[in-house]
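# Coordinates in review
This is what each chain is made of:
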Amino acid sequence: MSAAGMLGAKMGRSSHTIYHLRKGLCSPLANGAGSFLGPLGFSQLLRFPSCPGIFRGLQQGNCRHPGADTVKPLDGVRILDLTRVLAGPFATMNLGDLGAEVIKVEKPGSGDDTRSWGPPFVGNESVYFLSINRNKKSIAVNMKKAKGAKIIKELAAICDVLVENYVPGKLAGMGLGYEDINKVAPHIIYCSITGYGQTGPKFQQAGYDSVAAAVSGLLHITGPEVCFCK
């Protein structure tokens, strides 16, 4: 069965898990709070916790907070999240807060870079990572391999929005640029988050908060000349 078919069968609104798409390519993340091995040894996925001490399912009814059963603005919208670090994950976190179903794709083994950013940690998980990745499911896919890229395309075909924050041209080199995705999912909204846009002299440079603060001159007023402070 294809990845799209498998997800269509398994990802009901009351489901707690996404089942593996391809054995080996979708491996569980090391020390991942959002992934685990099921009884058959296949990687399965959980939403990151939004209520103390529990993992939540897709339905807000699993949360004990008052008013959680109300319909959210983005209920029924499915997001394919290829972002990492901060700007992208923060954006998709907000979509998840509004009721969207967010499928976060991470690299096999270590996952999102920010899983190891700390202290502080909760167990083996970075508080920084958990703070901007709530209300999401997580899956590990090696997008550099042809089979991994195929999985991403199959996921895109059943999603409404794709969000990515790679350096322009990076995903296109993997066969996952806008033109590639548009062929298999012409309905999808393809959102690219970049530091310097898609064109211009610096478009292939990564954009980080410290870089923006430095080039804008903000760091000039945040500390003594010999030791600038962020």
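Below is a short write-up of the structure. Just so we're clear, the structure is a prediction, and the values are computed from it rather than from any experiment. (Residues numbered from 1 in each chain as written. Predicted model: local features only at pLDDT ≥ 70, side-chain atom pairs only at ≥ 80, totals over all residues. Heavy atoms only, no water.)

### Some thoughts on the overall build of the protein
Counting its secondary structure elements, the protein contains seven helices and nine strands. Each of the 230 residues in the protein was classed as buried or not, and the buried ones make up 40%. Partitioning the intrachain contacts of the protein with sequence separation of at least 6 by distance along the chain shows that 63% fall at a separation of at least 24. Surface exposure of the protein reaches about 11,800 Å², of which carbon and sulfur atoms provide 59%. (Helix = DSSP H or I, 4+ residues; strand = E, 2+ residues; numbered from the N terminus. Buried < 20%, exposed > 50% of the residue type's maximum accessible area, 1.4 Å probe, protein only. Contact = heavy atoms within 4.5 Å. Areas by Shrake-Rupley, 256 points an atom, 1.4 Å probe, with all protein chains shown as cover.)

### Some words on the sheet that holds strand β7 (residues 136-140)
What the five strands build is an open sheet, ordered β7-β4-β3-β8-β9; its pairing is parallel. Edge positions in the sheet fall to β7 and β9 (189-192), since each has one partner strand and no second. Recorded for the sheet is a direction-independent mean angle of 20° between the axes of neighbouring strands. Where strand β3 (residues 78-81) lies against strand β8 (residues 161-164), three bridges are found, and the strand directions are parallel. Bridge assignment links Ile 79 to a residue of β8, and that residue is Val 161. (Pairing = 2+ DSSP bridges. Axes fitted to C-alpha atoms, helices over the stretch in contact; angles between N-to-C directions.)

### Thoughts on the pattern of salt bridges
Tallying each qualifying case throughout the model produces eight salt bridges. With a closest N to O distance of 3.1 Å, Lys 137 and Glu 101 form a salt bridge. One end of the pair, Lys 137, is in strand β7; the other, Glu 101, is in strand β4 (residues 101-106), with 36 residues separating them in the sequence. Across the pair, exposure class does not vary: Lys 137 and Glu 101 are buried alike. (Salt bridge = Lys/Arg side-chain N within 4 Å of Asp/Glu carboxyl O.)

### Details of the packing of aromatic side chains
Geometrically, a pair of aromatic rings is defined through the distance of the ring centres and the angle of the planes. Tallied over the entire structure, the rule returns two aromatic pairs. Geometrically, the ring pair formed by Trp 117 and Tyr 128 is tilted, given 5.3 Å between the ring centres and 50° between the ring planes. Residue Trp 117 is found in the loop between β4 and β5 (121-122), and its partner Tyr 128 is found in helix α3 (residues 127-131); the two are separated by 11 residues along the sequence. Residue classification places Trp 117 among the partly exposed positions, given a relative accessible area of 38%. Take Tyr 128: its relative accessible area is 30%, and that puts it in the partly exposed class. Centre to centre, the rings of Tyr 178 and Tyr 190 are 5.7 Å apart; their planes meet at 85°, and the pair counts as edge-to-face. Of the two residues, Tyr 178 is situated in helix α6 (residues 178-184) and Tyr 190 in strand β9; the sequence distance between them amounts to 12 residues. (Phe/Tyr/Trp six-rings, centres within 6.5 Å; stacked < 30°, edge-to-face > 60°.)

### Regarding helix α2 (residues 87-97)
Among the residues of α2, Gly 88, Pro 89, Thr 92, Met 93 and Gly 96 are the ones counted as buried. Viewed end-on, α2 has its buried residues packed into an arc of 135°, placing them on one side of the element. In the core, the buried residues of α2 are packed alongside β3, β4, α3, β7 and β8. Gly 99, located one to two residues past α2, shows a positive phi value of around 105°. (Arc of directions from axis to C-beta.)

### Observations concerning the environment of Ala 149
With respect to the element layout, Ala 149 can be found in helix α4 (residues 146-157). C-alpha separation for the pair Ala 149 and Met 174, spaced 25 residues apart in sequence, amounts to 7.0 Å. In this structure Ala 149 touches Asn 142, Met 143, Met 174 and Leu 176, once residues within four positions along its chain are discounted.

### Remarks on the environment of Gln 204
Its location among the elements puts Gln 204 in the loop between β9 and α7 (209-215). For Gln 204, a relative accessible area of 53% gives the class exposed. A C-alpha to C-alpha distance of 9.1 Å links Gln 204 and Lys 170, two positions 34 residues apart in sequence. The contacts of Gln 204, once residues within four sequence positions are left out, are Val 167 and Pro 168.

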